[in-house]
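Take a look at the letters that make up each chain.
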Amino acid sequence: MSLVVQKFGGTSVGDADRIRAVADHVARTRRAGRDVLVVVSAMGKTTDDLLRLAGDVSSVQPPRELDMLLTSGERVSMALLCMALAELGVEAVSFTGSQAGIITDATHTKAKIVEVRGDRLREALAAGKVPVVAGFQGVSTDRDVTTLGRGGSDTTAVALAASLSADACEIYTDVTGVFSADPRIVPEARRLARVSFEEMLEIAASGGRVLALRSVEFARNHHVPLHVRSSFTWEPGTWVSEEDPLMEQAVVTAVTHDASEAKVTVTGVPDRPGLAARLFRALAERNVNVDTIVQNISLHGTTDISFTVPKVDLAASLEVARDLAPGIGAGEVLSDDDVAKVSIVGAGMRSHPGISAKMFEVLAQQGVNIEMISTSSIRISCVVRAGAVESAVQALHEAFDLAG
Ligand code: ADP
Ligand code: ASP
Ligand code: MG
């Protein structure tokens, strides 16, 4: 029988009525003759509330305990959904990430999945039951409970879809698909009917949080088609899949923004081989994901290196840079968390010159100063003042004519 994985995000299971609506949809899918495996997020803003509670209790939050705390949110939703399904006569059985056999490395708060065992899920499916799995969590090779980073339920869903060879993974959320920009900022943004894995990777990596980046990597590597759609209207949404070689590629597909990063600058770094390597190795050892990096020209034998890191890793990054600076003869280490990044993504960019010029002109017309620039073959990103990012997104969306 065909298997579909259905993942429901926080808003989709935000209260009792929503959970009943989700149960109804799962029951219909089951009655239509398909096997279903469900992955749920924590209800509404539960994860944020738990983080706030941790902050109220203590300024010291050991990552192992943070993970133990945060995984409780998803347990609540999975049990409630199974109860709602039971009332509809659907046999469902809940599993924590650990019970589902999701094995991760031991990097608490942003663990990576290393293996999916999934035996109990296969058994439940074979017995005609609907497994309901708590998203965002696993168990480490050290046998501790871990979480997969914010938005990680998407990753759980895609990893399970890959491991169980599901036909597709449906990601139900509070918008009707992937849009040409965040519809909260650009109300006239257009829903995209299809997006290639390649473009979706860049959209997710540059702040389009509708899908977690790791989930898209998994989907691409294991050829799992994703269908991003609404749990409020249930209408067909956006398919994320392999590129169609016959389809003409849009020059610009989407404008994204990301306010979750901060900028660090190490001043007066001696211009010698090996020093940047030492800095970024030390950051890597603390599991900091460095994004944009800019090194200035060397004046009088020294240079400044600026880079962006997730705000949650800013304290660790400053500690690393400040520990290292005196030993390599560098000067001050500065930080700035009032920045944001605006990006344009499009596969057709590769074969169209002048796109970066147009992006910079649009930003200039808005009076937006560009502080850092980074590019891939299908993305251009600019770091700007945080306060300017929304108007920058709106102006770029209009200039590249992305509205429906
Ligand atoms: P869930 O809780 O269902 O995982 P998220 O909040 O993680 O939902 O993701 C959905 C949100 O992503 C939307 O409400 C929307 O504001 C935001 N978003 C950002 N960029 C985009 C985009 N390009 N297309 C669609 N949604 C986007
Ligand atoms: N509940 C987690 C979060 O808010 C995981 C998820 O929803 O995907 O980040
Ligand atoms: Mg999400």
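Data block above holds the structure.
Residues numbered from 1 in each chain as written. Chains lettered and ligands numbered in written order. Predicted model: local features only at pLDDT ≥ 70, side-chain atom pairs only at ≥ 80, totals over all residues. Heavy atoms only, no water.

J.: Can you help me understand the overall build of the protein in this one?
T.: Summing up its helical and strand segments, the protein has 11 helices and 20 strands in all. Overall, the protein is about 75 × 50 × 35 Å in size when its C-alpha atoms are taken along their principal axes. Within the protein, the proportion of its 404 residues that are buried is 52%. Long-range contacts, defined as pairs at least 24 residues apart, comprise 74% of the intrachain contacts of the protein with a sequence gap of at least 6. (Helix = DSSP H or I, 4+ residues; strand = E, 2+ residues; numbered from the N terminus. Buried < 20%, exposed > 50% of the residue type's maximum accessible area, 1.4 Å probe, protein only. Contact = heavy atoms within 4.5 Å.)

J.: I would appreciate a short explanation of the pattern of salt bridges in the present structure.
T.: Opposite charge on two side chains allows them to pair when their charged atoms are near. Taken as a whole and judged by the stated rule, the model has 24 salt bridges. Note that Asp336 is salt-bridged to Arg385, the shortest N-O span being 2.5 Å. Of the two residues, Asp336 is situated in strand 17 (residues 333–336) and Arg385 in strand 20 (residues 379–385); the sequence distance between them amounts to 49 residues. The exposure class assigned to Arg385 is partly exposed, which follows from its relative accessible area of 32%. Each of Lys263, Asp336, Asp338, Glu371 and Arg385 takes part in salt bridges that share partners, so that together they form one network. (Salt bridge = Lys/Arg side-chain N within 4 Å of Asp/Glu carboxyl O.)

J.: What's the story with the site of ligand 2 in this structure? I'm lost.
T.: Around ligand 2, the structure places Ser41, Thr47, Glu74, Phe136, Arg150, Gly151, Gly152 and Ser153. At 2.9 Å from an oxygen atom of ligand 2 is found a main-chain nitrogen or oxygen belonging to Gly151. One of the backbone nitrogen or oxygen atoms of Gly152 is found 3.4 Å away from an oxygen atom of ligand 2. The protein chains hide 86% of the 260 Å² of surface that ligand 2 would expose on its own. Looking at side-chain class alone, the shell around ligand 2 contains 1 nonpolar, 5 polar and 2 charged residues. (Near = heavy atom within 4 Å. Polar contact = N/O pair within 3.5 Å; in protein donor to acceptor, adjacent residues only side chain to side chain. Areas by Shrake-Rupley, 256 points an atom, 1.4 Å probe, with all protein chains shown as cover. Nonpolar A, V, L, I, M, F, W, Y, C, P; charged D, E, K, R; others polar.)

J.: How should unusual backbone geometry be read in this particular structure?
T.: With glycine set apart, most residues show a phi of negative sign, and most peptide bonds adopt trans. Look at Thr109: it is not a glycine, yet its phi comes out positive at around 75°. Residue placement: Thr109 occurs in the loop between strand 4 (102–104) and strand 5 (113–116). A relative accessible area of 30% means that Thr109 is categorised as partly exposed. Of note in this structure, Ser165 is not a glycine but carries a positive phi near 50°. Summarising the element assignment, Ser165 is placed in the loop between helix 5 (153–163) and strand 9 (168–173).

J.: Whenever I open this one, a nonpolar patch on the surface confuses me. Can you help?
T.: A contiguous nonpolar surface patch, about 260 Å² in accessible area, is contributed by Val76, Leu80 and Met83. Within the secondary structure, Leu80 sits in helix 3 (residues 63–87). Since its relative accessible area comes to 33%, Leu80 is described here as partly exposed. (Patch = residues over 30% accessible without salt bridge, like charges linked within 9 Å, V, L, I, M, F, W, Y side chains within 5 Å.)

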